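Spelled out from the first residue to the last, the chains are:
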Amino acid sequence: MITHAVGLSIGPTSSIESGVAVKEIASGKLIYVDKLFSMQDIELFFKNYPSIKNSIICVSLPWDNTMLEGKWRVLSKSYQLIQTLGNFPNSDNWTQRFSSRGCDLISNLTKEGAKIYRYEIYLTRQKFNLYSNFKERSSADCKFLQYALKQEFNIEELPTNMMPVAQLEALVGTLLALEKLNNNTKTLFNYKGLDVINLA
């Protein structure tokens, strides 16, 4: 029986924060939010988390921030298609949009019986009407996201002071996990053997 919804937002590197959020389904209360950095921190969380088999887990796809040669390649990377037809030579992972960071851990958790899905944070925010006109992950964007989560989704446990954006992105993951339980999602594509889902 699924009792908890877990959202995990993985940063592209250990220097960029990751976030985790756990919501109890029966009460609808947010029971745990934390900021993590290294993969060891994330592994330690799941090692000490007692309800892995009773949880539905949504894990974000981290962006691949590998530095490329040439300014135009760096600026154009986020606009590359997820799958190309081989028309573009993928030199230096130019067309690789997402990083494989955390895939080994997720694979191991899946083997242990965890129900894990992936999500793309920006597409999910758009579907939940949580997308702002501010620069992504800026303080204004973070403040907007926190206020919208508190007002639109009645998450009263959120504090008045500004939370780290990784924790808020993890909260979006818990909302998507709850929608998955209600069969209100669709599969966008498959990444490293797991379905990437979004709101239907």
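Predicted, not measured: the structure shown is a model, and the values here were computed from it.

### Here we look at the overall build of the chain
What the chain contains, in helices and strands, is six helices and seven strands. For the chain, the α and β elements follow one another from N to C terminus as β-β-β-α-β-α-α-β-α-α-α-β-β. With 200 residues in all, the chain has 47% of them scored as buried. Counted over contacts in the chain with a minimum sequence separation of 6, partners at least 24 positions apart contribute 57%. Total accessible area computed for the chain in this model is approximately 10,700 Å², and 50% of it derives from carbon and sulfur atoms.

### Topic: the nonpolar core
Ranked by internal contacts, the top residues of the largest apolar core, which has 28 residues, are Phe128, Leu130, Leu149, Leu158, Leu168, Leu171 and Val172. Looking at which element gives the most residues to this core, the answer is helix 6 (residues 165-181), with eight residues. Setting aside residues up to four positions removed in sequence, Leu158 forms contacts with Leu30, Gln146, Leu149, Lys150, Met163 and Leu171. If you look at the next biggest cluster of nonpolar residues, it comprises 20 residues, including Val6, Met39, Phe46 and Ile106.

Cut-offs applied
- Residues numbered from 1 in each chain as written.
- Predicted model: local features only at pLDDT ≥ 70, side-chain atom pairs only at ≥ 80, totals over all residues.
- Heavy atoms only, no water.
- Helix = DSSP H or I, 4+ residues; strand = E, 2+ residues; numbered from the N terminus.
- Buried < 20%, exposed > 50% of the residue type's maximum accessible area, 1.4 Å probe, protein only.
- Contact = heavy atoms within 4.5 Å.
- Areas by Shrake-Rupley, 256 points an atom, 1.4 Å probe, with all protein chains shown as cover.
- Core = buried A, V, L, I, M, F, W, Y, C linked by side-chain atoms within 4.5 Å.

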